Amino acid sequence: MLYDADCPLCTYVRDRLVKRPQLVPLQFVPAGSPAARTRFPCLDHGSTLTEITVVGDGGQVYRGAAAWIVTLWALRDHRRLAHRLSSPSGMRLAKGAVLAAAKWRGTTAPWGGRVYRRDDGWTYDPRDGWHHTPPGCGSDACAAP
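As the structure is a prediction and not an experimental result, all values here were calculated from the model.

Novice: Looking at this structure, I do not really get the pattern of salt bridges. What am I missing?
Specialist: Side chains that differ in charge, positive against negative, can pair when their charged atoms come close. Taken as a whole and judged by the stated rule, the model has three salt bridges. A salt bridge links Arg76 to Asp77; its shortest N-O distance comes to 3.5 Å. Each of Arg20, Arg76 and Asp77 takes part in one network of salt bridges that share partners.

Printed below as a string of structure tokens:
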């Protein structure tokens, strides 16, 4: 499971999930991190910072509500709930929960809802999401040969 390590809600949920009995082992990788890029080179890592993403052991990629349902399915105490949420009516409920969490996350952003810039070149603008701008030649990234 990829999660935003800079998001208090995301780290809280990760900490709670780690403590739950698991039928399928969950591994947590910070989204957009070097570890995530190495482990999952084909993913759009910018989108993993805005939308919960789960990668299955067979390479399956789940995003949004489907990712939450797969995560619940991995937990011993929540497998029945995951099956109910996987139905068409349950999926609407799961999508609503994901949207509510995203809205709460956006209103409690540590940067106050303004444009947020990370040192690794990622920028979040609440108007249109995440963007990546590689470091310019004014940084150490363009060292002379």
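There is more to say after this.
Novice: What exactly am I supposed to notice about the nonpolar core here?
Specialist: One broad trend across soluble globular proteins is that nonpolar side chains are buried collectively. Ranked by size, the top nonpolar core spans 19 residues in total, and within it Met1 and Phe28 carry the most contacts. Among the secondary structure elements, those contributing two or more residues to this core are helix 1 (8–19), helix 4 (65–74), helix 5 (79–85) and helix 6 (88–107). No other element matches the five residues that helix 4 contributes to this core. Discounting residues that sit within four places of it in the chain, Met1 has contacts with Leu17, Gln27, Phe28, Val29, Ile52, Thr53, Val54, Trp68 and Thr71. Core analysis: the second largest hydrophobic core is formed by nine residues, Ala36, Phe40, Leu49 and Trp122 among them.

Novice: Would you take a moment to explain helix 1 for this structure?
Specialist: Note on helix geometry: an α-helix contains 3.6 residues per turn, so any two residues three or four positions apart are oriented the same way. With twelve residues, helix 1 extends 17 Å from end C-alpha to end C-alpha; this agrees with the ideal 16 Å at 1.5 Å per step. Turning to helix 1, its buried residues number three or more, namely Cys10, Thr11 and Leu17. On an axial view of helix 1, the arc spanned by its buried residues comes to 125 degrees, and they lie on one face. Seen from the open side of helix 1, the exposed residues pointing more than 90 degrees away from its buried face are Pro8, Tyr12 and Lys19.

Novice: Hey, could you run me through the environment of Asp4 in this one?
Specialist: Locating Asp4 in the fold gives a position in the loop between strand 1 (2–3) and helix 1. Note on Asp4: relative accessible area 7%, which makes it buried. Along the backbone, Asp4 and Gly32 are 28 residues apart, and their C-alpha atoms lie at a distance of 8.0 Å. Of the polar contacts made by the side chain of Asp4, one reaches the backbone nitrogen of Asp6; its length is 2.9 Å.

Novice: What is the right way to read the side chain of His45 from this model?
Specialist: Counting through the fold element by element, His45 comes out in helix 3 (residues 45–48). Of the polar contacts made by the side chain of His45, one reaches the backbone oxygen of Phe40; its length is 2.8 Å. If we ignore the near neighbours within four places in the chain, the residues touching His45 are Gly32, Ala36, Arg37, Phe40 and Trp122.

Parameters and conventions
Each residue is numbered by its place in its chain's sequence as written, counting from 1. The predicted nature of this model means local features are confined to residues of pLDDT at least 70 and side-chain atom pairs, given and counted, to a pLDDT of 80 or more, with totals for whole chains, interfaces and linings taken over all residues. Hydrogens and water molecules were not included; the side-chain quantities draw on all heavy atoms of the structure. When a carboxyl oxygen of Asp or Glu is within 4 Å of a side-chain nitrogen of Lys or Arg, the pair counts as a salt bridge. Residue types Ala, Val, Leu, Ile, Met, Phe, Trp, Tyr and Cys, when buried and joined through side-chain atoms within 4.5 Å, form a set referred to as a nonpolar core. Relative accessibility thresholds used throughout: buried, under 20% of the residue-type maximum; exposed, over 50%; partly exposed, between the two (1.4 Å probe, protein chains only). Starting at the N terminus, helices and strands are each numbered in turn, a helix being any DSSP run of H or I of at least four residues and a strand any DSSP run of E of at least two. Note on contacts: a residue pair qualifies if any of its non-hydrogen atoms lie within 4.5 Å across the two residues. Multiplying 1.5 Å by the helix residue count minus one yields the expected span of that helix. Along the arc lie the directions from the helix axis toward the C-beta atoms. Residues adjacent in sequence count toward polar contacts only when both atoms are side-chain atoms; beyond that, a polar contact is any pair of N or O atoms within 3.5 Å, and within protein one must be able to donate a hydrogen and the other to accept it.

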